[in-house]
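Spelled out, the chains give:
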Amino acid sequence: VVKKLDLNVLVLEKNILEQKNLKAGTIVARAFKPIQSVFEIVTKNFKSFKNLILFLGKNGKQTLLDASKVWEFEYKERKSVTSDDSLILNIKKIRKKIKNSKKEKNKIFYFVHKSKNFSNKFSSFNKTSIISATAPSPPLFVSGYSTKS
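Residues numbered from 1 in each chain as written. Predicted model: local features only at pLDDT ≥ 70, side-chain atom pairs only at ≥ 80, totals over all residues. Heavy atoms only, no water.

Draft legend 1. Representation of the pattern of salt bridges. A full pass over the atoms with the stated rule returns 6 salt bridges. The salt bridge involving Lys44 is made with Glu40; its shortest N-O contact spans 3.2 Å. Taken together, the positions of Lys44 and Glu40, both in helix α1 (residues 35-45) and 4 residues apart, correspond to about one turn of that helix. For Lys93, the salt bridge identified is with Glu74, shortest N-O distance 3.7 Å. Of the two residues, Lys93 sits in strand β6 (residues 87-96) while Glu74 sits in strand β5 (residues 71-79), which places them 19 residues apart along the sequence. Lys93 sits in the exposed class, given a relative accessible area of 61%. (Salt bridge = Lys/Arg side-chain N within 4 Å of Asp/Glu carboxyl O. Helix = DSSP H or I, 4+ residues; strand = E, 2+ residues; numbered from the N terminus. Buried < 20%, exposed > 50% of the residue type's maximum accessible area, 1.4 Å probe, protein only.)

Here it is in structure tokens:
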């Protein structure tokens, strides 16, 4: 197909599980492995990639929900034209969620409004210890670990 359509594509016939530091634009997988295994392979074996296209069958919604408990990712969903039960996902920014640790007991949460004294609210934080920050229009939610022992 690549030759017939004169595509600018490199086809490698290698075991993906044995490859490291791969670079790709788009990765496509269909009936390869469970979604969480695919995420594991993509994040460990690919140095960089733009997106992952997955074709999921009738249990696709549930497997996506299960994966979201362990993985963070952005995706767009399309209905398959070949089956009403199937989905096509365009997935980006895949990363494993941080597991709970002993430090979880010391975890603190701040709910603050955007203001001039924003940085003062976080004086007890080591800036590198902030785990996540999302910015919906006020309030701003930030979670992290206290630097105090």
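Structure's up, so let's keep going.
Draft legend 2. Spotlight on the packing of aromatic side chains. In the structure shown here, the tally under the stated rule is 4 aromatic pairs. Aromatic rings pair up to connect Phe39, Trp71, Phe73 and Tyr75 into one cluster. In this structure, Lys33 is placed above the aromatic ring of Phe32, and the distance from its NZ or CZ to the ring centre is 5.9 Å. (Phe/Tyr/Trp six-rings, centres within 6.5 Å; stacked < 30°, edge-to-face > 60°. Lys NZ or Arg CZ within 6 Å of the ring centre and 35° of its normal.)

Draft legend 3. Molecular detail of the nonpolar core. Grouped together as the largest cluster of nonpolar side chains are 19 residues, with contacts concentrated most on Ile35, Phe39, Leu52, Leu54, Phe73, Ile91 and Ile94. Within the residue set of this core, elements represented by two or more residues are β2 (26-30), α1, β4 (51-56), α2 (60-68), β5 and β6. In this view, Leu54 contacts Ala29, Ile35, Val38, Phe39, Leu87, Ile88, Leu89 and Ile91; residues no more than four positions away in its chain are not counted. (Core = buried A, V, L, I, M, F, W, Y, C linked by side-chain atoms within 4.5 Å. Contact = heavy atoms within 4.5 Å.)

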